[in-house]
Amino acid sequence: MQCQRCQREITEEESFLHLGQTLCEDCYLDIRQPVKACDPWAVYLAGRSRDSVGAVGTEGLTELQKAICEFVQGRGKVTAEELTAHFGLSGTELQSQVAVLRHCELLRGQKEADKVYIVPFR
Ligand SMILES: [Zn+2]
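How each quantity is defined
- Residues numbered from 1 in each chain as written.
- Predicted model: local features only at pLDDT ≥ 70, side-chain atom pairs only at ≥ 80, totals over all residues.
- Heavy atoms only, no water.
- Donors = N, O, S within 2.8 Å, 3.2 Å for Na, K, Ca; no water.
- Tetrahedral: all angles 85-135°; square planar, octahedral: opposite > 155°, others 65-115°.
- Helix = DSSP H or I, 4+ residues; strand = E, 2+ residues; numbered from the N terminus.
- Buried < 20%, exposed > 50% of the residue type's maximum accessible area, 1.4 Å probe, protein only.
- Contact = heavy atoms within 4.5 Å.
- Polar contact = N/O pair within 3.5 Å; in protein donor to acceptor, adjacent residues only side chain to side chain.
- Patch = residues over 30% accessible without salt bridge, like charges linked within 9 Å, V, L, I, M, F, W, Y side chains within 5 Å.
- Areas by Shrake-Rupley, 256 points an atom, 1.4 Å probe, with all protein chains shown as cover.
- Salt bridge = Lys/Arg side-chain N within 4 Å of Asp/Glu carboxyl O.
- Lys, Arg positive; Asp, Glu negative; His and termini not counted.
- Charge placed at Lys NZ, Arg CZ, Asp CG, Glu CD.
- Axes fitted to C-alpha atoms, helices over the stretch in contact; angles between N-to-C directions.
- Parallel < 35°, antiparallel > 145°, perpendicular 65-115°, else oblique.
- Nonpolar A, V, L, I, M, F, W, Y, C, P; charged D, E, K, R; others polar.
- Pairing = 2+ DSSP bridges.

1. Side note on the coordination of the zinc ion
Alright, step 1. Binding of the zinc ion to the protein goes through C3 (SG), C6 (SG), C24 (SG) and C27 (SG), at separations of 2.3 Å.
Alright, step 2. Classification of the site at the zinc ion as tetrahedral follows from its four donor atoms and the range of 105 to 116° in their angles at the metal.
Alright, step 3. Read in sequence order, the donor residues coordinating the zinc ion give the pattern C-x2-C-x17-C-x2-C. Here the residue C6 occupies a position in the segment before strand 1 (16-18), and C24 occupies one in the loop between strand 2 (21-23) and helix 1 (25-32), the gap between them amounting to 18 residues.
Alright, step 4. Relative accessible area serves as the criterion here: at 38%, C6 is assigned to the partly exposed category.
Alright, step 5. Residue classification places C24 among the buried residues on the basis of a relative accessible area of 1%.

2. Quick notes on the side chain of T79
Alright, step 1. By the element assignment, T79 lies in strand 3 (residues 78-79).
Alright, step 2. Apart from residues lying up to four places away in sequence, T79 is in contact with K115, V116 and Y117.

3. Digging into the side chain of Q65
Alright, step 1. Mapped onto the elements, Q65 comes out in helix 3 (residues 63-75).
Alright, step 2. Among the polar contacts made by the side chain of Q65, one reaches the main-chain amide nitrogen of T62 at a distance of 3.0 Å.
Alright, step 3. Setting aside anything within four residues of it in sequence, one finds Q65 in contact with Q97, V100 and L101.

4. Let's talk about a negative patch on the surface
Alright, step 1. Together, E12, E13, E14, E25 and D26 give the surface a local cluster of negative charge.
Alright, step 2. Since its relative accessible area comes to 60%, E12 is described here as exposed.

5. Looking at the packing of helix 3 against helix 5 (residues 91-103)
Alright, step 1. Running from N to C, helix 3 and helix 5 cross one another at 80°; their axes reach a closest spacing of 10 Å. With respect to helix 5, the element helix 3 is oriented roughly perpendicular. Of the residues in helix 5, those touching helix 3 at L64, Q65, I68 and C69 are L94, Q97, V100 and L101.
Alright, step 2. Its residues placed into classes, the contact of helix 3 with helix 5 shows six nonpolar, two polar and no charged.

6. Some points on the pairing of strand 4 (residues 107-112)
Alright, step 1. Pairing analysis gives six bridges linking strand 4 to strand 5 (residues 115-120), with the strands arranged antiparallel. By the bridge assignment, E112 is partnered in strand 5 with K115.
Alright, step 2. In this antiparallel pair of consecutive strands, strand 4 and strand 5, the connection spans two residues, and A113 shows a positive phi of 50°.

7. What to know about the pattern of salt bridges
When charged atoms on two side chains of opposite charge get close, those side chains can pair.
Alright, step 1. The final tally for this structure, using the stated rule, is three salt bridges.
Alright, step 2. Across the pair E82 and R75 runs a salt bridge whose closest N-O atoms are separated by 3.5 Å.
Alright, step 3. Classification of E82 by relative accessible area gives partly exposed; the value is 33%.
Alright, step 4. A salt bridge links E112 to K77, with the nearest nitrogen and oxygen atoms 2.8 Å apart. Residue E112 is found in strand 4, and its partner K77 is found in the loop between helix 3 and strand 3; the two are separated by 35 residues along the sequence.
Alright, step 5. The class of K77 is partly exposed, set by a relative accessible area of 34%.

Pasting the structure below:
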């Protein structure tokens, strides 16, 4: 059988059923445990996998993630609304992109008064 998400060949013992879809363990865990911002374990894993492919800085990111990084660095600080408007993303899409960039310690959230800004990590 095949994982319906990543198309990997899996045995029946390796398969998980989620909302009517047959998934491999990786995809199942991926769906069941969405990456949360500020999760130290995810930060560790993100850092480790980037190290293992020799990625530095923004290498290893998608074009969109790089563009978001550059946009935030150029502005100094932006709100999520500015990012969704600029990149034409939905709030959910933006959140998942920003979560990755936070894990890679390129961006972070900064609270000022009653607003949360996205700012460069350093
Ligand atoms: Zn899979």
